[in-house]
Amino acid sequence: GHDLGAAQIHTRRDLLTAAAYGVDEFLFVYGDRPETGRRSDDLTVRSMLTEARRFTESEPGLEQLRVGVTTRLTPVPAWKRAADFLFVQVSWSVPELLDWRSRLSFEGPVFAGVLVPSSATMARKLSADTPELTVPDHLIAALDADPEAGVDFASRMVHDIRESGAFD
């Protein structure tokens, strides 16, 4: 066999430990940089997915492990299409979700991300901190008028997504 790096060893250890506890689905995501210490730059979503595939194909009894990744409403790279399932980043528009889904070629389940903004303040902070999650002005205005507007908006989105049949 080939020599394993620390990232591969940790990935394999974590897969085995989780499997021992009955966990058989994993969602690999890129996390925030640590405030102290240093991040292992060789431990990426892509490397974890590759290692999980390599490891589960070589170990009897681990074939049932399923691995998912996240995606934005952009073309999904080939390496992400090797995942078993996709979680789509939060969106504020069902038509945009449906348009993206209609162009996606992916065999596994695809789950849409829906977020309930708890207040206009939270929505403004999310928009300022994460440009790709910018909350629409009409929703922020609705939250200013009624703190429950986020729940109503998210409930309508979930309903419309379910009705579309385009997502799992």
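Structure: see above.
What counts, and at which threshold
- Residues numbered from 1 in each chain as written.
- Predicted model: local features only at pLDDT ≥ 70, side-chain atom pairs only at ≥ 80, totals over all residues.
- Heavy atoms only, no water.
- Core = buried A, V, L, I, M, F, W, Y, C linked by side-chain atoms within 4.5 Å.
- Buried < 20%, exposed > 50% of the residue type's maximum accessible area, 1.4 Å probe, protein only.
- Contact = heavy atoms within 4.5 Å.
- Axes fitted to C-alpha atoms, helices over the stretch in contact; angles between N-to-C directions.
- Helix = DSSP H or I, 4+ residues; strand = E, 2+ residues; numbered from the N terminus.
- Parallel < 35°, antiparallel > 145°, perpendicular 65-115°, else oblique.
- Nonpolar A, V, L, I, M, F, W, Y, C, P; charged D, E, K, R; others polar.
- Salt bridge = Lys/Arg side-chain N within 4 Å of Asp/Glu carboxyl O.

Enquirer: Just checking my understanding: could you explain the nonpolar core for this structure?
Expert: The nonpolar side chains of a soluble globular protein tend to be buried with one another. Phe28, Leu86, Trp100, Leu104, Val110, Val135 and Phe167 are the most contacted members of the largest nonpolar core, which totals 37 residues. Not counting chain neighbours up to four residues away, the residues in contact with leucine 104 comprise Val76, Leu86 and Val110.

Enquirer: Looking at this structure, I do not really get the packing of helix 4 (residues 120-129) against helix 5 (residues 137-145). What am I missing?
Expert: Packed helices, taken two at a time, are described by the angle between their axes plus the distance between the axes. Viewed as axis vectors pointing N to C, helix 4 and helix 5 meet at an angle of 155°, and their least axial separation amounts to 8 Å. Between helix 4 and helix 5, the angle is such that the two are roughly antiparallel. Residues Ala120, Ala123, Arg124 and Ser127 of helix 4 form the contact with helix 5, whose participating residues are Ile140, Leu143 and Asp144. A per-class count over the contact of helix 4 with helix 5 returns four nonpolar, one polar and two charged.

Enquirer: Looking at this model, I keep getting lost on the pattern of salt bridges. Mind explaining?
Expert: Between side chains of opposite charge, a pair can form as their charged atoms come close. Inspection of every chain in the model, using the stated rule, returns nine salt bridges. Linking arginine 54 and glutamate 51 is a salt bridge whose minimum nitrogen-to-oxygen distance equals 2.8 Å. Highlighted residues: arginine 54 and glutamate 51, both in helix 2 (residues 45-58), separated by three residues, approximately one helical turn. On the accessibility criterion, glutamate 51 (2% relative accessible area) is buried. Arginine 103 is paired through a salt bridge with aspartate 99; the nearest N and O atoms lie 2.9 Å apart. With arginine 103 and aspartate 99 both in helix 3 (residues 94-103) and four residues apart, the pair spans about one turn of that helix.

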